[in-house]
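Structural overview for review
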Amino acid sequence: MSMISEQLRKLKVIPVIAIDNAEDIVHLGKVLVENGMPAAEITFRSDAAIEAIRLLRESQPNMLIGAGTVLNRE
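Positions within a chain are numbered from 1, following the residues in the order the chain's sequence is written. The model is predicted, so local features are restricted to residues of pLDDT at least 70 and side-chain atom pairs to those at 80 or more, both for listing and for counting; the totals for chains, interfaces and linings are taken over all residues. The side-chain numbers reported here are obtained from all heavy atoms of the structure, hydrogens and water having been left aside.

A few words now on the nonpolar core. Taken as a class, soluble globular proteins show a tendency for nonpolar side chains to be buried jointly. Here, nonpolar core refers to any group of buried Ala, Val, Leu, Ile, Met, Phe, Trp, Tyr and Cys residues whose side-chain atoms link them within 4.5 Å. We call a residue buried when its accessible area falls under 20% of the maximum for its residue type, exposed when it is over 50%, and partly exposed in between, using a 1.4 Å probe and counting protein chains only. Counting residues in hydrophobic clusters, the biggest one holds 15 residues, and the most contacted among them are Ile17, Ile25, Leu32, Ile42 and Ala52. Listing elements by their share of this core, those giving two or more residues are α2 (24-34), β2 (39-42) and α3 (49-59). Here this core gets 5 residues from one element, more than from any other, and that element is α3. Those residues in contact with Leu32 that lie beyond four places of it in its chain are Pro15, Ile17, Met37, Ala39, Ala40 and Met63. Strands are runs of DSSP state E lasting at least 2 residues, helices are runs of H or I lasting at least 4, and numbering of each runs from the N terminus. Whether two residues touch is decided by their heavy atoms; if any such pair falls within 4.5 Å, the residues are in contact.

Turning our eyes to something else, we now look at α3. The periodicity of an α-helix, 3.6 residues per turn, causes residues three or four positions apart to be oriented the same way. Within the sequence span of α3, burial applies to Ala49, Ala52, Ile53, Leu55 and Leu56. Considered in projection along α3, the buried side chains sweep an arc of 165° and stay on one side of the axis. With respect to the buried face of α3, the exposed residues turned more than 90 degrees away are Ile50 and Glu58. Next to the buried residues of α3 lie α2, β2 and β3 (64-67). The directions considered for the arc are those from the helix axis to the C-beta atoms.

Listed below in structure tokens is the structure:
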């Protein structure tokens, strides 16, 4: 089993974040990590997603960050 799989198994819950203002992710990421939630998925439902991921990676380098959006069942 990979290291990432092991970390995800321990978490049990992953916050899914849709964000409109990329800068808001810095504070949110800090609060998540401080409260034992070192992972998040950023959805691609807004134009801020790519910048939010960059800022989160920069501010919380040890956080597990997922990205994407499910658009349909297929």
